[in-house]
Amino acid sequence: MTVREKMVEWRRSYGLTRKEMAVLADCSEGLLTGIERGDVTHPSIAHRIGMAYRLTELETEELMPRCRRIHGGDYDPDRYVASADRNPAPVPRFIPLPKEAYAE
């Protein structure tokens, strides 16, 4: 049984709809539908879903992209991060202009 099948089975055994599970997992019903069908999501959302479905850590990792799975052997969290986001340039602070700089 796959993790997704286990999730659907668990939800149905407790008589819960996807909408009710989405509330328990603090995510949207659409996202939960995608996850149950095989989509992946951000690790923080995957952990919330894993807690709601009472999944193990390894089962929860299957809800994440391969590059974000610590135990998957292909862990590289920066793989799809733009270089500008890795080392953002400092944002200059706003310096107020003196009164004389404004034209009348």
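In case you missed it, the structure is sitting above this.
Our subject in this report is the structure included herewith.

Calculation criteria
Residues numbered from 1 in each chain as written. Predicted model: local features only at pLDDT ≥ 70, side-chain atom pairs only at ≥ 80, totals over all residues. Heavy atoms only, no water. Helix = DSSP H or I, 4+ residues; strand = E, 2+ residues; numbered from the N terminus. Buried < 20%, exposed > 50% of the residue type's maximum accessible area, 1.4 Å probe, protein only. Contact = heavy atoms within 4.5 Å. Areas by Shrake-Rupley, 256 points an atom, 1.4 Å probe, with all protein chains shown as cover. Phe/Tyr/Trp six-rings, centres within 6.5 Å; stacked < 30°, edge-to-face > 60°. Core = buried A, V, L, I, M, F, W, Y, C linked by side-chain atoms within 4.5 Å.

## Topic: the overall build of the protein
Then step 1. Helices and strands together make up the secondary structure of the protein, namely six helices and zero strands.
Then step 2. Residues classed as buried in the protein amount to 29% of the 104 residues present.
Then step 3. At a minimum sequence separation of 6, the contacts of the protein that also span at least 24 residues come to 40%.
Then step 4. Accessible surface, the protein: about 7,900 Å² in total, of which carbon and sulfur atoms supply 54%.

## Concerning the packing of aromatic side chains
Then step 1. Following the criterion strictly, the structure yields two aromatic pairs and no others.
Then step 2. Ring geometry for Trp 10 versus Tyr 14: centroids 4.6 Å apart, planes at 45°, classification tilted.
Then step 3. For Tyr 14, a relative accessible area of 51% gives the class exposed.

## Considerations on unusual backbone geometry
Then step 1. With phi around 55°, Asp 26 is a residue other than glycine that occupies positive phi space.
Then step 2. With respect to the helices and strands, Asp 26 occurs in the loop between helix 2 (18-25) and helix 3 (29-37).
Then step 3. For Asp 26, a relative accessible area of 54% puts it in the exposed group.
Then step 4. One non-glycine residue, Arg 54, lies in positive phi territory at about 60°.
Then step 5. Within the element layout of this structure, Arg 54 appears in the loop between helix 4 (43-53) and helix 5 (57-61).
Then step 6. With relative accessibility at 59%, the residue Arg 54 sits in the exposed group.

## Side note on the nonpolar core
Side chains that are nonpolar tend, in soluble globular proteins, to be buried together.
Then step 1. In terms of nonpolar packing, the biggest core is built from 16 residues, with Met 7, Leu 32, Ile 49, Tyr 53 and Leu 63 touching the most fellow members.
Then step 2. When contributions to this core are tallied by element, the ones reaching two or more residues are helix 1 (3-13), helix 2, helix 3 and helix 4.
Then step 3. Here this core gets four residues from one element, more than from any other, and that element is helix 4.

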